[in-house]
Amino acid sequence: MTGPQIVLVGPMGVGKTTVGELLAERLGVTFRDTDADIVAAQGREISDIFVDEGEPYFRGLEKAAVAHALAAHDGVLALGGGAILDGTTRALLGAHPVVYLSMDVEEAVKRTGLNQARPLLAVNPRKQWRELMDARRQLYAEVARAVVATDGRTPDEVAQAVLDALELKEA
Ligand SMILES: Nc1ncnc2c1ncn2[C@@H]1O[C@H](COP(=O)(O)OP(=O)(O)OP(=O)(O)O)[C@@H](O)[C@H]1O
Ligand SMILES: [Mg+2]
(Lines give C-alpha, C1' and ligand atoms only; values in the text may rest on other atoms or scores of the structure.)
(Ligands and ions follow the chains in the order given, each with its own letter.)
Protein backbone atom coordinates (compact mmCIF):
# COMPACT_ATOMS: atom_id res chain seq x y z
CA MET A 1 0.00 0.00 0.00
CA THR A 2 1.54 3.26 -1.13
CA GLY A 3 -1.44 5.54 -0.53
CA PRO A 4 -3.63 7.40 -3.01
CA GLN A 5 -2.43 8.05 -6.59
CA ILE A 6 -3.93 11.54 -6.38
CA VAL A 7 -5.17 13.62 -3.45
CA LEU A 8 -7.37 16.60 -4.40
CA VAL A 9 -7.63 19.64 -2.13
CA GLY A 10 -9.28 23.00 -2.67
CA PRO A 11 -12.25 25.09 -1.61
CA MET A 12 -15.87 23.96 -1.53
CA GLY A 13 -17.39 23.65 -4.98
CA VAL A 14 -14.11 23.79 -6.93
CA GLY A 15 -14.82 20.37 -8.43
CA LYS A 16 -12.94 17.91 -6.22
CA THR A 17 -15.72 15.32 -6.42
CA THR A 18 -16.55 15.89 -10.09
CA VAL A 19 -12.91 15.84 -11.23
CA GLY A 20 -11.94 13.12 -8.74
CA GLU A 21 -14.53 10.75 -10.19
CA LEU A 22 -13.33 11.48 -13.74
CA LEU A 23 -9.72 10.89 -12.72
CA ALA A 24 -10.55 7.61 -11.01
CA GLU A 25 -12.34 6.42 -14.14
CA ARG A 26 -9.42 7.39 -16.36
CA LEU A 27 -6.89 5.69 -14.10
CA GLY A 28 -9.05 2.60 -13.56
CA VAL A 29 -9.06 3.03 -9.77
CA THR A 30 -11.73 3.89 -7.19
CA PHE A 31 -12.70 7.33 -5.93
CA ARG A 32 -13.08 8.20 -2.27
CA ASP A 33 -14.19 11.40 -0.59
CA THR A 34 -13.51 12.04 3.11
CA ASP A 35 -16.69 14.14 3.47
CA ALA A 36 -18.71 11.18 2.19
CA ASP A 37 -16.85 8.87 4.62
CA ILE A 38 -17.85 11.15 7.51
CA VAL A 39 -21.49 11.38 6.38
CA ALA A 40 -21.65 7.58 6.07
CA ALA A 41 -20.05 6.99 9.48
CA GLN A 42 -22.16 9.62 11.26
CA GLY A 43 -25.43 8.99 9.46
CA ARG A 44 -26.04 12.72 9.01
CA GLU A 45 -25.03 15.53 6.66
CA ILE A 46 -21.93 17.68 7.25
CA SER A 47 -24.14 20.76 7.66
CA ASP A 48 -26.07 18.97 10.42
CA ILE A 49 -22.85 17.99 12.22
CA PHE A 50 -21.77 21.68 12.07
CA VAL A 51 -25.09 22.85 13.50
CA ASP A 52 -25.46 20.09 16.11
CA GLU A 53 -21.86 19.86 17.39
CA GLY A 54 -19.96 22.88 16.10
CA GLU A 55 -17.02 23.23 13.73
CA PRO A 56 -14.23 22.04 16.13
CA TYR A 57 -16.04 18.73 16.64
CA PHE A 58 -16.39 18.30 12.87
CA ARG A 59 -12.69 19.12 12.34
CA GLY A 60 -11.79 16.34 14.80
CA LEU A 61 -13.85 13.82 12.83
CA GLU A 62 -12.30 15.11 9.62
CA LYS A 63 -8.73 14.80 10.87
CA ALA A 64 -9.32 11.13 11.77
CA ALA A 65 -11.14 10.43 8.48
CA VAL A 66 -8.31 11.95 6.41
CA ALA A 67 -5.58 10.02 8.26
CA HIS A 68 -7.52 6.80 7.78
CA ALA A 69 -8.21 7.39 4.08
CA LEU A 70 -4.58 8.34 3.33
CA ALA A 71 -3.47 5.05 4.88
CA ALA A 72 -6.23 2.85 3.48
CA HIS A 73 -7.03 4.15 -0.02
CA ASP A 74 -4.90 3.66 -3.12
CA GLY A 75 -7.13 5.33 -5.72
CA VAL A 76 -8.14 8.98 -6.05
CA LEU A 77 -8.96 10.80 -2.81
CA ALA A 78 -10.76 14.12 -2.33
CA LEU A 79 -10.52 15.93 0.99
CA GLY A 80 -13.09 18.30 2.48
CA GLY A 81 -12.36 21.97 1.79
CA GLY A 82 -11.22 22.73 5.34
CA ALA A 83 -9.15 19.60 6.01
CA ILE A 84 -5.89 21.48 5.47
CA LEU A 85 -6.63 23.76 8.46
CA ASP A 86 -5.22 21.00 10.67
CA GLY A 87 -1.42 20.99 11.08
CA THR A 88 -1.19 17.22 11.59
CA THR A 89 -3.14 16.69 8.37
CA ARG A 90 -0.83 19.09 6.50
CA ALA A 91 2.21 17.17 7.76
CA LEU A 92 0.70 13.85 6.64
CA LEU A 93 -0.03 15.28 3.19
CA GLY A 94 3.66 16.00 2.63
CA ALA A 95 4.14 12.34 1.68
CA HIS A 96 1.35 12.31 -0.93
CA PRO A 97 0.72 13.55 -4.51
CA VAL A 98 -1.54 16.46 -3.59
CA VAL A 99 -3.09 18.73 -6.24
CA TYR A 100 -4.73 22.03 -5.29
CA LEU A 101 -7.72 22.86 -7.51
CA SER A 102 -8.17 26.64 -7.45
CA MET A 103 -10.79 29.10 -8.70
CA ASP A 104 -11.59 32.79 -8.37
CA VAL A 105 -14.49 34.23 -6.39
CA GLU A 106 -16.93 34.65 -9.30
CA GLU A 107 -16.46 31.04 -10.35
CA ALA A 108 -16.96 30.03 -6.70
CA VAL A 109 -20.30 31.84 -6.47
CA LYS A 110 -21.43 30.20 -9.74
CA ARG A 111 -20.46 26.71 -8.63
CA THR A 112 -21.67 26.77 -5.06
CA GLY A 113 -24.88 28.71 -5.75
CA LEU A 114 -26.78 30.46 -3.03
CA ASN A 115 -29.21 27.81 -1.88
CA GLN A 116 -27.08 24.76 -1.17
CA ALA A 117 -26.25 23.49 2.29
CA ARG A 118 -22.86 25.16 2.68
CA PRO A 119 -22.56 26.08 6.36
CA LEU A 120 -19.60 28.43 5.86
CA LEU A 121 -21.22 30.43 3.04
CA ALA A 122 -24.73 30.90 4.39
CA VAL A 123 -24.77 34.72 4.43
CA ASN A 124 -23.00 37.08 2.00
CA PRO A 125 -21.22 34.31 0.06
CA ARG A 126 -18.78 36.60 -1.81
CA LYS A 127 -17.42 38.23 1.33
CA GLN A 128 -17.34 34.94 3.23
CA TRP A 129 -15.62 33.16 0.36
CA ARG A 130 -12.92 35.86 0.21
CA GLU A 131 -12.35 35.62 3.95
CA LEU A 132 -12.20 31.83 3.83
CA MET A 133 -9.69 31.93 0.99
CA ASP A 134 -7.53 34.56 2.71
CA ALA A 135 -7.23 32.12 5.61
CA ARG A 136 -6.71 29.01 3.46
CA ARG A 137 -4.96 29.92 0.20
CA GLN A 138 -1.48 29.65 1.71
CA LEU A 139 -2.31 26.32 3.37
CA TYR A 140 -3.54 24.76 0.12
CA ALA A 141 -0.39 25.94 -1.64
CA GLU A 142 1.79 24.61 1.18
CA VAL A 143 0.50 21.02 0.91
CA ALA A 144 0.25 20.89 -2.90
CA ARG A 145 2.77 19.46 -5.36
CA ALA A 146 0.85 21.15 -8.14
CA VAL A 147 -1.81 23.84 -8.50
CA VAL A 148 -4.43 23.52 -11.26
CA ALA A 149 -6.62 26.56 -11.97
CA THR A 150 -10.15 25.45 -12.87
CA ASP A 151 -11.63 28.78 -14.07
CA GLY A 152 -13.06 28.49 -17.57
CA ARG A 153 -12.06 24.82 -17.87
CA THR A 154 -14.44 21.88 -18.17
CA PRO A 155 -14.13 19.06 -15.63
CA ASP A 156 -12.48 16.93 -18.36
CA GLU A 157 -9.91 19.64 -19.04
CA VAL A 158 -9.21 19.98 -15.33
CA ALA A 159 -8.77 16.20 -15.02
CA GLN A 160 -6.30 16.22 -17.92
CA ALA A 161 -4.35 19.09 -16.34
CA VAL A 162 -4.10 17.11 -13.09
CA LEU A 163 -2.76 14.04 -14.91
CA ASP A 164 -0.25 16.23 -16.75
CA ALA A 165 0.85 18.01 -13.56
CA LEU A 166 1.56 14.70 -11.80
CA GLU A 167 2.91 13.02 -14.97
CA LEU A 168 0.36 10.21 -14.64
CA LYS A 169 -0.77 8.09 -17.58
CA GLU A 170 -4.30 6.80 -18.15
CA ALA A 171 -5.01 3.08 -17.59
N1 LIG B 1 -14.65 22.70 -14.18
C2 LIG B 1 -15.93 22.95 -13.87
N3 LIG B 1 -16.64 23.83 -14.60
C4 LIG B 1 -17.93 24.11 -14.32
N5 LIG B 1 -18.61 23.58 -13.28
C6 LIG B 1 -17.97 22.70 -12.51
C7 LIG B 1 -16.60 22.33 -12.75
N8 LIG B 1 -16.24 21.43 -11.81
C9 LIG B 1 -17.32 21.26 -11.03
N10 LIG B 1 -18.35 21.99 -11.45
C11 LIG B 1 -19.69 22.08 -10.82
O12 LIG B 1 -19.53 22.79 -9.58
C13 LIG B 1 -20.33 22.19 -8.57
C14 LIG B 1 -19.43 21.73 -7.42
O15 LIG B 1 -18.61 20.64 -7.86
P16 LIG B 1 -18.13 19.49 -6.85
O17 LIG B 1 -19.26 19.02 -6.02
O18 LIG B 1 -17.40 18.49 -7.67
O19 LIG B 1 -17.12 20.32 -5.96
P20 LIG B 1 -16.36 19.86 -4.63
O21 LIG B 1 -15.04 20.51 -4.67
O22 LIG B 1 -16.42 18.38 -4.52
O23 LIG B 1 -17.27 20.54 -3.50
P24 LIG B 1 -17.33 20.17 -1.94
O25 LIG B 1 -16.14 20.80 -1.29
O26 LIG B 1 -18.60 20.78 -1.47
O27 LIG B 1 -17.32 18.68 -1.82
C28 LIG B 1 -21.09 21.06 -9.23
O29 LIG B 1 -22.35 21.55 -9.60
C30 LIG B 1 -20.26 20.72 -10.44
O31 LIG B 1 -21.02 20.17 -11.47
MG1 LIG C 1 -17.09 17.15 -3.00
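One can find the structure itself at the top, above this paragraph.
Every value quoted in this text rests on a predicted model; they were computed, and no experiment measured them.

## Thoughts on the overall build of the chain
Next up, step 1: Within the chain, the secondary structure is distributed over eight helices and five strands.
Next up, step 2: Secondary structure elements of the chain occur, N-terminal to C-terminal, as β-α-β-α-α-α-β-α-β-α-α-β-α.
Next up, step 3: For the chain, the C-alpha radius of gyration of 15 Å lies close to 16 Å, the compact-globule estimate for 171 residues.
Next up, step 4: On the principal axes, the C-alpha backbone points of the chain span a range of 40 × 35 × 25 Å.
Next up, step 5: Across the 171 residues of the chain, 46% fall into the buried class.
Next up, step 6: Counted over contacts in the chain with a minimum sequence separation of 6, partners at least 24 positions apart contribute 73%.
Next up, step 7: If you sum the accessible surface of the chain, you get close to 8300 Å²; carbon and sulfur atoms cover 51% of it.
Next up, step 8: Across the chain, 18 positive and 25 negative side-chain charges occur, with their mean positions spaced 4 Å apart.

## So, helix α3 (residues 46–53)
Next up, step 1: Within α3, burial applies to I46, S47, I49 and F50. One side of α3 holds all its buried residues, which, seen down the axis, span an arc of 160 degrees.
Next up, step 2: In this structure, the buried residues of α3 make contact with α2 (34–42) and α4 (55–72).

## Considering the nonpolar core
Next up, step 1: In this structure, I6, V9, L23, L101 and V162 are the most contacted members of the largest nonpolar core, which totals 40 residues.
Next up, step 2: Among the elements that line this core, the one with the most residues is helix α8 (residues 155–166), at six residues.
Next up, step 3: Non-local contacts of I6, meaning those with residues more than four positions away in its chain, are made with L23, L27, G75, V76, L77, P97, V162, L163, L166 and L168.
Next up, step 4: In terms of nonpolar packing, the next biggest core, distinct from the first, is built from six residues, I38, I46, F58 and A65 among them.

## Regarding the packing of helix α6 (residues 105–112) against helix α7 (residues 125–143)
Next up, step 1: Here α6 crosses α7 at 120 degrees, and the two axes come no closer than 10 Å. The angle between the axes of α6 and α7 places the two elements in the oblique class. As for the relative orientation of α6 and α7, their crossing is right-handed in sense. Packed against α6, whose contacting residues are V105, E106, A108 and V109, the element α7 presents R126, W129 and R130 at the interface.
Next up, step 2: Of the residues that constitute the contact of α6 with α7, the class distribution is four nonpolar, no polar and three charged.

## Section: the packing of aromatic side chains
Next up, step 1: Inspection of every chain in the model, using the stated rule, returns two aromatic pairs.
Next up, step 2: Arranged with centres 5.1 Å apart and planes meeting at 40 degrees, the rings of F50 and F58 form a pair that is tilted. There is no split in this pair, since F50 and F58 are both buried.
Next up, step 3: Relative to Y140, the ring of Y100 has its centre 4.9 Å away and its plane inclined at 25 degrees; by these criteria the two rings are stacked. Here Y100 is found in strand β4 (residues 98–102), whereas its partner Y140 is found in helix α7, with 40 residues between them in sequence.

## Quick notes on the environment of D35
Next up, step 1: Considering the arrangement of structural elements, one finds D35 in helix α2.
Next up, step 2: Along the backbone, D35 and A78 are 43 residues apart, and their C-alpha atoms lie at a distance of 8.3 Å.
Next up, step 3: Apart from residues no more than four positions distant in its own chain, D35 is found in contact with I46, F58, E62 and G80.

## Examining the sheet that holds β4
Next up, step 1: Pairing is parallel across the open sheet formed by five strands, whose spatial order is β2-β3-β1-β4-β5. Unpaired on one side and paired on the other, β2 (31–33) and β5 (146–149) mark the two borders of the sheet. Going across the sheet, the axis of each strand differs from the next one's by a mean of 25 degrees, ignoring polarity.
Next up, step 2: Alignment of strand β1 (residues 6–9) against β4, held across three bridges, turns out to be parallel.

Procedures and definitions
- Residues numbered from 1 in each chain as written.
- Chains lettered and ligands numbered in written order.
- Predicted model: local features only at pLDDT ≥ 70, side-chain atom pairs only at ≥ 80, totals over all residues.
- Heavy atoms only, no water.
- Helix = DSSP H or I, 4+ residues; strand = E, 2+ residues; numbered from the N terminus.
- Rg over C-alpha atoms; globule rule 2.2 N^0.38 Å.
- Buried < 20%, exposed > 50% of the residue type's maximum accessible area, 1.4 Å probe, protein only.
- Contact = heavy atoms within 4.5 Å.
- Areas by Shrake-Rupley, 256 points an atom, 1.4 Å probe, with all protein chains shown as cover.
- Lys, Arg positive; Asp, Glu negative; His and termini not counted.
- Charge placed at Lys NZ, Arg CZ, Asp CG, Glu CD.
- Arc of directions from axis to C-beta.
- Core = buried A, V, L, I, M, F, W, Y, C linked by side-chain atoms within 4.5 Å.
- Axes fitted to C-alpha atoms, helices over the stretch in contact; angles between N-to-C directions.
- Parallel < 35°, antiparallel > 145°, perpendicular 65-115°, else oblique.
- Left-handed = near helix turned anticlockwise from the far one by under 90°.
- Nonpolar A, V, L, I, M, F, W, Y, C, P; charged D, E, K, R; others polar.
- Phe/Tyr/Trp six-rings, centres within 6.5 Å; stacked < 30°, edge-to-face > 60°.
- Pairing = 2+ DSSP bridges.

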